[in-house]
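Topology and contacts: notes
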Amino acid sequence: MTETRSTSPIGILLMVFAAFSTATGQFFWKLAAGGGLFDWHLWVGFVFYGMGAVLMTVAFRFGRLSVLHPLLTIGYVIALVYGVTFLDEPISISLVIGTVLILVGVWLIGGDGH
């Protein structure tokens, strides 16, 4: 079955928020690592990750899977920013190049042609 409708900017925006939310959830899980079941970071992570899943599901109503799903890779960029900013993780030239390639790919897939 071929879907002929275009992808709405709302779908793209919701998918970007979903990527942000899931990356934030994973960041909180990292903060909770080793803290046990009652660490509040763990539960905040579940909330953010769950919100991301809901946003992703809603976003799929506004466009094509082949356009929207790759936008979740923005989460990799957000995770890199979290790691460098809050966890003092080192950044290398290969990470920068990879991040730029991800952003170019997102732009090509979710750009004006869709």
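Look a little higher up for the structure.
So, a few notes on the structure that sits alongside this text. (Residues numbered from 1 in each chain as written. Predicted model: local features only at pLDDT ≥ 70, side-chain atom pairs only at ≥ 80, totals over all residues. Heavy atoms only, no water.)

**Some points on the packing of aromatic side chains**
For any two aromatic rings, the description comes down to two numbers: the centre-to-centre distance and the angle of the planes. Under the counting rule described, the total for this entry stands at nine aromatic pairs. Here Phe 27 and Phe 86 contribute two aromatic rings whose centre-to-centre distance is 5.6 Å and whose plane-to-plane angle is 45 degrees, an arrangement assigned as tilted. One end of the pair, Phe 27, is in helix α1 (residues 9-32); the other, Phe 86, is in helix α4 (residues 74-86), with 59 residues separating them in the sequence. On the basis of relative accessible area, Phe 86 is assigned to the exposed category, the value being 52%. Ring centres of Trp 43 and Phe 46 lie 5.3 Å apart, and the angle between their planes is 50 degrees; this geometry places the pair in the tilted category. (Phe/Tyr/Trp six-rings, centres within 6.5 Å; stacked < 30°, edge-to-face > 60°. Helix = DSSP H or I, 4+ residues; strand = E, 2+ residues; numbered from the N terminus. Buried < 20%, exposed > 50% of the residue type's maximum accessible area, 1.4 Å probe, protein only.)

**Quick look at the side chain of Ser 21**
Structurally, the position occupied by Ser 21 is in helix α1. Relative accessible area serves as the criterion here: at 3%, Ser 21 is assigned to the buried category. Ignoring any residue separated from it by four or fewer positions in sequence, one finds Ser 21 in contact with Phe 48, Tyr 49, Met 51 and Gly 52. (Contact = heavy atoms within 4.5 Å.)

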